[in-house]
Amino acid sequence: MSEKWDRRFLDLARHIADWSKDPSTKVGCVVVGADREIRSTGFNGFPRGISDDAGRLTDRAKKYPLICHAEENAIMHAARIGMTLKDCVAYVTWPPCSRCARSLIQAGVSEIVYPEGCEIPDRWREDFDTSHGMLAEAGVVVRSA
């Protein structure tokens, strides 16, 4: 896709990231098909169907096991509506972790685009290196725009 479309879809992913229920993990994902149609979207938060209304969980240890990553939410949403993500491009606001990389590979996504200049904290660097290795081995193109 062109730089113009890359920017548009990354801007949309940033907008979707603002829907996240946890401000410390604001990540958005937009999965786009070959003819630039949006196939699915997702953001970090509770998966649909899991209620967080019971007292609005505040204990992070209890809350995080229920958190789904943006990419996984997009994949689950596509599966629910019968939409294939094979050979699609995933625009994300943050490079995928190894867990999301595995999910994107299984979904058949062919390319992942994230914003230039993402500063990866040292504590996550090893996981992101693992993730990029997995994606490269699977033939998934990863680039920043």
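Procedures and definitions
- Numbering of residues begins from 1 in every chain and follows the order in which that chain's sequence is written.
- Only residues with pLDDT of at least 70 are given local features in this predicted model, and only at 80 or more are side-chain atom pairs given and counted; all residues enter the totals for whole chains, interfaces and linings.
- Excluded from the side-chain calculations are hydrogens and water; all other atoms, namely the structure's heavy atoms, are used.
- Put simply, DSSP marks the helices as runs of H or I at least four residues long and the strands as runs of E at least two long, and each gets a number from the N terminus on.
- Contacts described as polar in this section are N or O atom pairs within 3.5 Å, which, within protein, must combine one atom able to donate a hydrogen with one able to accept it, while residues neighboring in sequence count only if both atoms come from side chains.
- Working rule for contacts: check all heavy atoms of both residues, and any pair within 4.5 Å makes them a contact.
- Think of it this way: a Phe, Tyr or Trp ring, Trp meaning its six-membered ring, pairs with another when their centres are within 6.5 Å, and the plane angle makes it stacked under 30 degrees, edge-to-face over 60, tilted otherwise.
- Using a 1.4 Å probe on the protein chains alone, a residue whose accessible area is under 20% of its type maximum counts as buried, one over 50% counts as exposed, and one in between counts as partly exposed.
- Think of it as a cone above the ring: NZ of Lys or CZ of Arg counts as a charge over the ring if it is within 6 Å of the ring centre and within 35 degrees of the ring normal.

> Talk me through the side chain of Glu72; I want residue IDs and the actual numbers.
Within the fold, Glu72 resides in helix 3 (residues 70–81). Separated by 2.7 Å, the side chains of Glu72 and Arg99 make a polar contact. Beyond its immediate sequence surroundings of up to four residues, Glu72 is in contact with Arg99, Cys100 and Ser103.

> Break down the packing of aromatic side chains for me, citing the residues and quoting the values.
Enumeration according to the criterion identifies 5 aromatic pairs in this entry. Ring geometry for Trp19 against Phe43: centres 5.9 Å apart, planes inclined by 90 degrees, an arrangement best described as edge-to-face. Of this pair, Trp19 sits in the loop between helix 1 (3–17) and strand 1 (28–32) while Phe43 sits in strand 2 (residues 38–43), and the two are 24 residues apart along the sequence. Pairing Trp94 with Phe128 gives two aromatic rings, centres 6.0 Å apart and planes at 70 degrees, and the pair type is edge-to-face. Of this pair, Trp94 sits in the loop between strand 3 (89–92) and helix 4 (98–107) while Phe128 sits in helix 5 (residues 122–137); the two residues are 34 residues apart in sequence, bridging distant segments of the chain. Looking at Trp94, the relative accessible area reads 23%, which means it is partly exposed. An aromatic cluster is defined as three or more aromatic residues linked by ring pairs; in this entry it consists of Trp5, Phe9 and Tyr91. Sitting over the ring of Trp5, Arg8 keeps its end group 4.9 Å from the ring centre.

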